[in-house]
Amino acid sequence: MDELLYWVWLSRVFSYGSEKPRKLIEYFRSPKNIFELKEDELEKLSFLKPSDRKALRRTSLERAEEIVKRCRELGIQILPYGFDGYPKRLTHIYAPPMVLYIKGDLSGLDEEVGITVVGTRKASEYGKRLTGNLCYELSRAGVVIISGCAEGI
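Residues numbered from 1 in each chain as written. Predicted model: local features only at pLDDT ≥ 70, side-chain atom pairs only at ≥ 80, totals over all residues. Heavy atoms only, no water.

1. Comments concerning the overall build of the chain
No. 1: Scanning the chain from terminus to terminus reveals 8 helices and 4 strands.
No. 2: For the chain, the N- to C-terminal ordering of α and β elements is α-α-α-α-α-α-β-α-β-β-α-β.
No. 3: Across its three principal axes, the chain shows a C-alpha extent of roughly 55 × 30 × 30 Å.
No. 4: Taken over 153 residues, the chain has a buried fraction of 35%.
No. 5: The long-range share in the chain, meaning contacts at least 24 apart out of those at least 6 apart in sequence, stands at 61%.
No. 6: Of the roughly 10300 Å² of accessible surface on the chain, a fraction of 52% belongs to carbon and sulfur atoms.
No. 7: Averaging the coordinates of the 25 positive side-chain charges in the chain and doing the same for the 22 negative ones gives two points 5 Å apart. (Helix = DSSP H or I, 4+ residues; strand = E, 2+ residues; numbered from the N terminus. Buried < 20%, exposed > 50% of the residue type's maximum accessible area, 1.4 Å probe, protein only. Contact = heavy atoms within 4.5 Å. Areas by Shrake-Rupley, 256 points an atom, 1.4 Å probe, with all protein chains shown as cover. Lys, Arg positive; Asp, Glu negative; His and termini not counted. Charge placed at Lys NZ, Arg CZ, Asp CG, Glu CD.)

2. As for the packing of helix α1 (residues 3-13) against helix α6 (residues 61-74)
No. 1: Between α1 and α6, whose axes approach to 8 Å, the crossing angle comes to 115 degrees. By the criterion of interaxial angle, the relationship of α1 to α6 is roughly perpendicular. Like other packed secondary-structure pairs, α1 and α6 cross with a definite hand, here right-handed. Only Leu 61, Arg 63, Ala 64, Glu 65, Ile 67, Val 68 and Arg 72 of α6 make contact with α1, whose side of the interface consists of Leu 4, Leu 5, Tyr 6, Val 8, Trp 9 and Arg 12.
No. 2: Of the residues that constitute the contact of α1 with α6, the class distribution is 9 nonpolar, no polar and 4 charged. (Axes fitted to C-alpha atoms, helices over the stretch in contact; angles between N-to-C directions. Parallel < 35°, antiparallel > 145°, perpendicular 65-115°, else oblique. Left-handed = near helix turned anticlockwise from the far one by under 90°. Nonpolar A, V, L, I, M, F, W, Y, C, P; charged D, E, K, R; others polar.)

3. As for the packing of aromatic side chains
No. 1: Scanning all chains against the criterion turns up 5 aromatic pairs.
No. 2: When the ring of Tyr 81 is compared with that of Tyr 86, the centres are 5.5 Å apart and the planes differ by 80 degrees; the resulting orientation is edge-to-face.
No. 3: We classify Tyr 86 as buried; its relative accessible area is 3%.
No. 4: The rings of Tyr 6, Trp 9 and Phe 35 are connected pair by pair, giving a single aromatic cluster. (Phe/Tyr/Trp six-rings, centres within 6.5 Å; stacked < 30°, edge-to-face > 60°.)

4. Section: the nonpolar core
No. 1: One finds Trp 9, Ile 34 and Leu 56 to be the most contacted residues of the largest nonpolar core, which totals 32 residues.
No. 2: Mapped by element, the contributors of at least two residues to this core are α1, α2 (20-28), α5 (50-58), α6, β1 (77-80) and β2 (99-102).
No. 3: For this core, the element with the highest residue contribution is α1, accounting for 8 residues.
No. 4: Leave out the neighbours within four places in its chain, and Trp 9 touches Pro 31, Ile 34, Phe 35, Leu 56, Thr 59, Ser 60, Leu 61 and Ala 64. (Core = buried A, V, L, I, M, F, W, Y, C linked by side-chain atoms within 4.5 Å.)

5. Thoughts on the pattern of salt bridges
No. 1: Applying the stated criterion to the full structure yields 10 salt bridges.
No. 2: A salt bridge links Lys 20 to Asp 52; its shortest N-O distance comes to 2.6 Å. Taken as a pair, Lys 20 in helix α2 and Asp 52 in helix α5 lie far apart in primary sequence, 32 residues in all.
No. 3: Owing to a relative accessible area of 9%, Asp 52 belongs among the buried residues under this scheme.
No. 4: Ionic pairing is found between Arg 63 and Glu 66, a salt bridge with its closest N-O pair at 3.0 Å. Linking Arg 63 with Glu 66, this pair stays in helix α6, spanning 3 residues, or about one helical turn.
No. 5: Note on Glu 66: relative accessible area 45%, which makes it partly exposed.
No. 6: Ionic contacts of the salt-bridge type, sharing partners, join the residues Glu 39, Arg 53 and Arg 57 into one network. (Salt bridge = Lys/Arg side-chain N within 4 Å of Asp/Glu carboxyl O.)

Following this line, the structure appears as structure tokens:
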């Protein structure tokens, strides 16, 4: 089975901002190895709560397969953590994403000025318009705009 499926699977197990996926990868080296762990092996990992072990068991590969298939149809590259091309600056943050979904070219990203836009989920039309204009002007000036594609701003 495609190793990429296991990376997408792992990215869906824990909530964003969790350090647990990286800890698991550092210890077991691949998400497939994590997927194949037995319950007694998981219980030995002191940083995993019972709810984490449950999440590892209930998160299926089927949804990961759908995501990979849809990304291929749309020409979206899926780049796993630690692979060639994964931005070095992301490897230094507390809880780096296990996969990046990329449409476009990331080459040179580590050398570019970047800004992440974070805002409310229920943004006003004025807030959306202002943020859009600001991001547009910043991108025209050469700044990389980084988005988590969340709802709102």
